[in-house]
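Letter by letter, the chains look like this.
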Amino acid sequence: ELGESVDRRLGRRAAADAQGAGLSRRELEVVRLVGAGRTNRQIAQELYLSKRTVDMHVHNVLRKLDVRSRLEAARRADELGLLT
């Protein structure tokens, strides 16, 4: 093993960011549902959120993953191992 863990060096929050590509816990939930083909309305119902809140989460996911579409976000999340 090389060096110390991210957890130990930077703390739990930074380690979670490194593992989740900088996405919050809720953004990870949203991107997983986007990857499963759910619409924003379906995601809102499933997570008990307003559609507007889901719209903002999707917008933030697209920005953080540096992609332009939901399809690109799903592909990028899959590449990063976030959909499992």
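Note that this is a predicted model, so its numbers are computed, not measured.

1. Regarding the packing of helix α3 (residues 25-35) against helix α4 (residues 40-47)
- One way to put it is that α3 packs onto α4 with a least axis distance of 10 Å and a crossing angle of 130°. The orientation of α3 with respect to α4, classified from their angle, is oblique. The hand of the α3/α4 crossing is right-handed. Residues R26, E29, V30, L33 and V34 of α3 form the contact with α4, whose own contacting residues are I43, E46 and L47.
- Looking at side-chain class alone, the contact of α3 with α4 contains five nonpolar, no polar and three charged residues.

2. Comments concerning the pattern of salt bridges
- Per the counting criterion, the structure on display carries six salt bridges.
- For R25, the salt bridge identified is with E29, shortest N-O distance 3.7 Å. Linking R25 with E29, this pair stays in helix α3, spanning four residues, or about one helical turn.
- Across the pair R26 and E29 runs a salt bridge whose closest N-O atoms are separated by 2.9 Å. With R26 and E29 both in helix α3, this residue pair falls three residues apart, about one helical turn.
- A residue is classified by how much of its surface remains accessible, and E29, at 26% relative accessible area, is partly exposed.
- When salt bridges with common partners are traced through the structure, they connect R25, R26 and E29 into a single cluster.

3. Here we look at the environment of R63
- Tracing the backbone through its elements, the reader meets R63 in helix α5 (residues 51-65).
- On the basis of relative accessible area, R63 is assigned to the exposed category, the value being 52%.
- The sequence separation of R63 and A73 amounts to 10 residues, and the corresponding C-alpha distance is 9.4 Å.

4. Focus: the nonpolar core
- Formed by 18 residues in total, the largest nonpolar core has its most connected members in L23, I43 and L65.
- When contributions to this core are tallied by element, the ones reaching two or more residues are α3, α4, α5 and α6 (70-79).
- Other than its neighbours up to four places away in sequence, I43 contacts V30, L33, V34, R38, V54 and R70.

5. Notes on the confidence of the model for the protein chain
- With 76% of its residues at a pLDDT of at least 70, the protein chain reaches an overall mean of 85.
- For the protein chain, the element scoring lowest by mean pLDDT is helix α2 (residues 12-19), at 50; α4 scores highest, at 98.

6. Observations regarding the environment of V54
- Along the chain, V54 turns up in helix α5.
- Relative accessible area serves as the criterion here: at 0%, V54 is assigned to the buried category.
- Note: C-alpha distance between V54 and A44 (10 residues apart in sequence) is 6.0 Å.
- For V54, the residues in contact, after removing those within four places along its chain, are N40, I43, A44 and L49.

About the criteria used
Residues numbered from 1 in each chain as written. Predicted model: local features only at pLDDT ≥ 70, side-chain atom pairs only at ≥ 80, totals over all residues. Heavy atoms only, no water. Axes fitted to C-alpha atoms, helices over the stretch in contact; angles between N-to-C directions. Helix = DSSP H or I, 4+ residues; strand = E, 2+ residues; numbered from the N terminus. Parallel < 35°, antiparallel > 145°, perpendicular 65-115°, else oblique. Left-handed = near helix turned anticlockwise from the far one by under 90°. Contact = heavy atoms within 4.5 Å. Nonpolar A, V, L, I, M, F, W, Y, C, P; charged D, E, K, R; others polar. Salt bridge = Lys/Arg side-chain N within 4 Å of Asp/Glu carboxyl O. Buried < 20%, exposed > 50% of the residue type's maximum accessible area, 1.4 Å probe, protein only. Core = buried A, V, L, I, M, F, W, Y, C linked by side-chain atoms within 4.5 Å. pLDDT = per-residue confidence, 0-100.

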